[in-house]
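Residue-level listing of the chains:
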Amino acid sequence: MWLETAGALGVDHTTVSRRIAALEKSLGLRLIERGAEGWTLTDIGRAVSDNARVIEEAIDRVVDTVAGQDSPSLHGTVRVSAPDGFGTVFATPALVRVRRRHPRLQVELITATRQLALRPSGFDLALVIGVPASSHLVTEHLTDYTLGLYASDDYLSRYGRPETVAELREHPLIFYIESMLQVGDLDIERHLPGMTPAFSSTNVFAQLEATQQGAGIGVLPAFLAQRTGLRRLLADEIDIRLPITLAVRREAVTHPAVRVVWTALRHEVAERAAELLPE
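Computed from a predicted model, the values in this text were never measured in an experiment. (Residues numbered from 1 in each chain as written. Predicted model: local features only at pLDDT ≥ 70, side-chain atom pairs only at ≥ 80, totals over all residues. Heavy atoms only, no water.)

Caption draft 1: Structural detail: the side chain of Gln207. Topologically, Gln207 is positioned in helix α8 (residues 204-212). We classify Gln207 as buried; its relative accessible area is 0%. A distance of 3.0 Å separates the side chain of Gln207 from the backbone oxygen of Ser201, its partner in a polar contact. Non-local contacts of Gln207, meaning those with residues more than four positions away in its chain, are made with Ile174, Phe175, Tyr176, Ser201, Val219 and Leu220. (Helix = DSSP H or I, 4+ residues; strand = E, 2+ residues; numbered from the N terminus. Buried < 20%, exposed > 50% of the residue type's maximum accessible area, 1.4 Å probe, protein only. Polar contact = N/O pair within 3.5 Å; in protein donor to acceptor, adjacent residues only side chain to side chain. Contact = heavy atoms within 4.5 Å.)

Okay, structure coming up:
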């Protein structure tokens, strides 16, 4: 946190730490605290931040008026958190277009397939699998997407094609590491009871690569698998559909840059719905 803030301000991190400590001392209140996922604002810290943001935006409007700009320019940093696959394939193009329209805006994308903390921090917007429950978030169902069973032609020629779910048990499965999985909706037991992956990874792109290399049958998002030469198996029997939720920290909802990114993500999903839920 200190290094990122220092970089944005053009000072070293110790200067940032001293200035925040001095502000807390003058107010007699704690503005930030260390949590499980790093430093986060306290409730009073969020209130101070919201008021400071209003002042910052007012100054920006004055600067734009003096510069003769008809519409306010966006700047600062917007951080987005998203699962590896969805973040790369859908969030990245949306963020690139936002940057083209607003070159003074910095965008950051954190990719991790995880649940959000009850007191979320470290992002402005998050794309998550499932529905997060937190009073600190404003959420919107963004889309559903489907996962299916996929295998390479080489694997099928070597080991045969399972024609039933029962025959699937004779093949090695590729999916997430169960003991490290933080997203309940991806629990393999919910979708394929009694089956344990033979090749596991926390990264969906490693799962995709292992499937392409013939390590087994992958349980993969259709929007990734359809970009390859992998074959869909047992499509009528195994069609896992999960929701993607867009979550915004409550104090960031009205920020213009956050709203622009929010709109861009909605547009990207709407334009490419067929990739997420193919027939």
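Caption draft 2: The pattern of salt bridges, seen in detail. For the coordinates displayed, the defined rule picks out 11 salt bridges. Here Glu108 and Arg79 are joined by a salt bridge, their closest N and O atoms 2.8 Å apart. In this pair, Glu108 is assigned in strand β4 (residues 105-111) and Arg79 in strand β3 (residues 76-82), connecting sequence segments 29 residues apart. For Glu108, a relative accessible area of 30% puts it in the partly exposed group. A residue is classified by how much of its surface remains accessible, and Arg79, at 16% relative accessible area, is buried. With a shortest N-O distance of 2.8 Å, Glu275 and Arg272 are connected by a salt bridge. Overlapping salt bridges, with partners in common, bring together Arg97, Glu268, Arg272 and Glu275 in one network. (Salt bridge = Lys/Arg side-chain N within 4 Å of Asp/Glu carboxyl O.)

Caption draft 3: Local environment of the side chain of Ser152. As for its position among the elements, Ser152 is in the loop between β6 (137-151) and α5 (153-159). If we skip the residues at most four places from it in the chain, Ser152 touches Thr211, Gln212, Gly214 and Leu230.

Caption draft 4: Structural detail: empty space enclosed by the protein. Per the stated rule, a full pass over the model turns up three cavities of 30 Å³ or more. A volume near 100 Å³ is recorded for the largest cavity. Looking at the largest cavity, it is lined by 13 residues, and the ones nearest its centre are Pro83, Ile129, Tyr145, Tyr176 and Pro221. Grouping the amino acids of the lining of the largest cavity by side-chain chemistry returns 12 nonpolar, one polar and no charged. In terms of lining residues, the second largest cavity is bounded by 10 residues, among which Pro83, Ala112, Arg114, Leu127 and Val128 are the most central. Per element, the largest residue contribution to the lining of the second largest cavity is three residues, and it comes from strand β5 (residues 125-129). Residue composition of the lining of the second largest cavity, by class: seven nonpolar, two polar and one charged. (1 Å grid on protein atoms, 1.4 Å probe; cavity = no way out; pocket = protein on both sides within 12 Å on 5 of 7 lines; lining within 4 Å. Points joined across faces, edges and corners; volume = space filled by probe spheres on them. Nonpolar A, V, L, I, M, F, W, Y, C, P; charged D, E, K, R; others polar.)

Caption draft 5: Main features of the pairing of β4. Pairing of β3 with β4 involves seven bridges; the strand directions are parallel. Across the sheet, the residue bridging to Ser81 is Ile110, located in β4. Chirality of the crossover, the property in question, places the unit of β3, helix α4 (residues 84-101) and β4 among those that are right-handed. (Pairing = 2+ DSSP bridges. Right-handed = clockwise from strand over helix to strand, strands pointing away.)

Caption draft 6: Up close: α8. Considered for burial, the residues of α8 that qualify are Val204, Gln207, Leu208, Ala210 and Thr211. In an axial view of α8, the angular spread of the buried residues amounts to 165 degrees, which keeps them on one side of the axis. Buried residues along α8 sit against α4, β6, β7 (173-175), β8 (199-200), β9 (217-221) and α9 (222-225). The opening residue of α8, the one whose side-chain oxygen lies 2.7 Å from the backbone nitrogen of Phe205, is Asn203. Gly214 lies just past α8 and shows a positive phi near 85 degrees. (Arc of directions from axis to C-beta.)

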